[in-house]
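Here is what each chain is made of, one letter per residue.
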Amino acid sequence: MRYTEHHVSNVTHVISDALEGALALPKFQRPYVWDDKDVCDLLDSMLRGIPIGNLLLWGGWFRGANIPIDRVRGVLDAPLKPNPTLILDGQQRLTALLIASGEGSRYVWDATTSIFSVGEPQLMNGIFPTGMLFNDYGISRQMEPLYDASEGVIIREDRQRTYKDKKGKTRTYTENVVVSHTRNPEQERAHSYIEAFCKARDVLRGTTIGSIVIAGEADVAFARETFRRLNRSGKPFHEAEVFKALECSEG
């Protein structure tokens, strides 16, 4: 019997699953050990389209007898759902995503430099909290001052349009269209922040992450051996060897 499947999910769906209690963490997992640079590097990889690795999950887990479980770190309120999916590998990345996408995140993104860091949001200077890059709610309200600052002068006029109806007869209607939109340098800068933010948000929210899912009926021994082989098998590259491989150099 095949006990593993490979899935691809949008990161926003994985975050939602964690927040809703559909993902659980075995209590034997080590604590959250990532630092600020690790979190910023993860977000930067997502923005640049660099793969962020796979999760190892134990799906539809219900064996429960000898494995205490808890909510994913970073999830404070949601009770666990019955038979949650266990996160065997990838909890550091998932916790980092939960922290970075949360409303009170300490992380920001600079639309001018495209750099993630720890800092204070300053939307009027193009520095956005990372939570805004992941979430749907309240974005328009938060962006209102920046929209106002970028408005400029819009000139519209009525234009005549024609089309053919279902009987082939030509019809005419009037449409009010924008014919020019001028901005001063300050307004243009604010507009560039909005454009950069929208592009970055689309990329981050569109990022996918792979997962290797162990079937719920698999036993503990199979799950342990899968984890061991994924994390311990083979010999890791040294950094110099990575550069040699990428440059196709010898020796």
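Remember, it's a predicted structure, so these values are computed and weren't measured experimentally.

Chemist: With reference to specific residues and values, describe the packing of helix α2 (residues 36-48) against helix α3 (residues 91-101).
Modeler: Viewed as axis vectors pointing N to C, α2 and α3 meet at an angle of 85°, and their least axial separation amounts to 10 Å. In this view, α2 runs roughly perpendicular relative to α3, as classed from their interaxial angle. Of the residues in α3, those touching α2 at Val-39, Leu-42, Leu-43 and Met-46 are Arg-93, Ala-96, Leu-97 and Ala-100. Here the contact of α2 with α3 is built from residues that sort into seven nonpolar, no polar and one charged.

Chemist: Can you lay out the nonpolar core for me, pointing to particular residues and giving the numbers?
Modeler: Residues Met-46, Trp-109, Phe-128 and Met-143 are the most contacted members of the largest nonpolar core, which totals 45 residues. Ranked by residues supplied to this core, first place goes to helix α6 (residues 185-205) with seven residues. Excluding anything up to four places from it in sequence, Met-46 contacts Val-11, Ile-52, Leu-97, Phe-134, Val-203, Leu-204 and Thr-207. By size, the runner-up hydrophobic cluster in this structure holds ten residues, among which are Trp-58, Leu-88, Ile-212 and Ile-214.

Chemist: Can you tell me about helix α1 (residues 11-19), naming the residues and giving the values?
Modeler: Among all positions of α1, only Val-11, Thr-12, Val-14, Ile-15 and Ala-18 are buried. Each buried residue of α1 lies within a common arc of 160° when the element is viewed along its axis, so the set occupies one face. Of the residues one or two after α1, Gly-21 is the one with positive phi, at around 85°.

Chemist: Provide a residue-level description of unusual backbone geometry, including the pertinent values.
Modeler: Across residues other than glycine, the phi torsion is negative in most instances, and most of the peptide bonds are trans. Unusually for a residue other than glycine, Asn-83 sits at a positive phi of about 50°. Residue placement: Asn-83 occurs in the loop between β4 (69-71) and β5 (85-89). In the Ramachandran plot, Ser-114 falls in the positive-phi region, its phi being about 60° despite a non-glycine side chain. What makes Ser-114 partly exposed here is its relative accessible area of 29%.

Chemist: Account for helix α5 (residues 139-149), with residues named and values stated.
Modeler: All of the buried residues in α5 are Ile-139, Met-143 and Leu-146. Around the axis of α5, the buried residues are gathered within 50° of arc, so they sit on the same side. Across from the buried face of α5, at angles greater than 90 degrees, the exposed residues are Arg-141 and Asp-148. Buried residues in α5 make contact with β8 (127-129), α4 (130-134) and α6.

Chemist: Describe the environment of Lys-27, and please don't skip the residues or the numbers.
Modeler: Position of Lys-27 among the secondary structure elements: in the loop between β2 (23-26) and α2. Lys-27 gets classed as exposed once you look at its relative accessible area, which sits at 53%. Sequence separation of Lys-27 and Ile-67 is 40 residues, and the distance between their C-alpha atoms is 7.5 Å. Setting aside residues no more than four positions away along its own chain, Lys-27 makes contact with Pro-68, Ile-69 and Asp-70.

Chemist: I'd love a proper account of the sheet that holds strand β11 (residues 208-214), names of residues and values included.
Modeler: By way of backbone hydrogen bonds, the strands of a sheet pair with one another, either parallel or antiparallel. The strand order across the open sheet formed by six strands is β1-β11-β3-β5-β2-β4, and the pairing between neighbours is mixed. The open sheet is flanked by β1 (4-10) and β4, the only strands paired with a single partner. Taking each pair of neighbouring strands and ignoring which way they run, the sheet shows an average axis angle of 40°. Alignment of β2 against β4, held across three bridges, turns out to be antiparallel. By the bridge assignment, Ala-24 is partnered in β4 with Arg-71. Against the sheet, α3 makes contact with β2, β3 (54-58) and β5, and its axis sits at roughly 115° relative to β5, the strand it touches most.

Chemist: Any chance you could break down the pattern of salt bridges for me, citing the residues and the numbers?
Modeler: In the structure shown here, the tally under the stated rule is seven salt bridges. Ionic pairing is found between Arg-48 and Asp-44, a salt bridge with its closest N-O pair at 3.1 Å. Here Arg-48 pairs with Asp-44, and both are found in helix α2, just four residues apart, close to one helical turn. For Arg-48, a relative accessible area of 61% corresponds to the exposed category.

What counts and what doesn't
Residues numbered from 1 in each chain as written. Predicted model: local features only at pLDDT ≥ 70, side-chain atom pairs only at ≥ 80, totals over all residues. Heavy atoms only, no water. Axes fitted to C-alpha atoms, helices over the stretch in contact; angles between N-to-C directions. Helix = DSSP H or I, 4+ residues; strand = E, 2+ residues; numbered from the N terminus. Parallel < 35°, antiparallel > 145°, perpendicular 65-115°, else oblique. Contact = heavy atoms within 4.5 Å. Nonpolar A, V, L, I, M, F, W, Y, C, P; charged D, E, K, R; others polar. Core = buried A, V, L, I, M, F, W, Y, C linked by side-chain atoms within 4.5 Å. Buried < 20%, exposed > 50% of the residue type's maximum accessible area, 1.4 Å probe, protein only. Arc of directions from axis to C-beta. Pairing = 2+ DSSP bridges. Salt bridge = Lys/Arg side-chain N within 4 Å of Asp/Glu carboxyl O.

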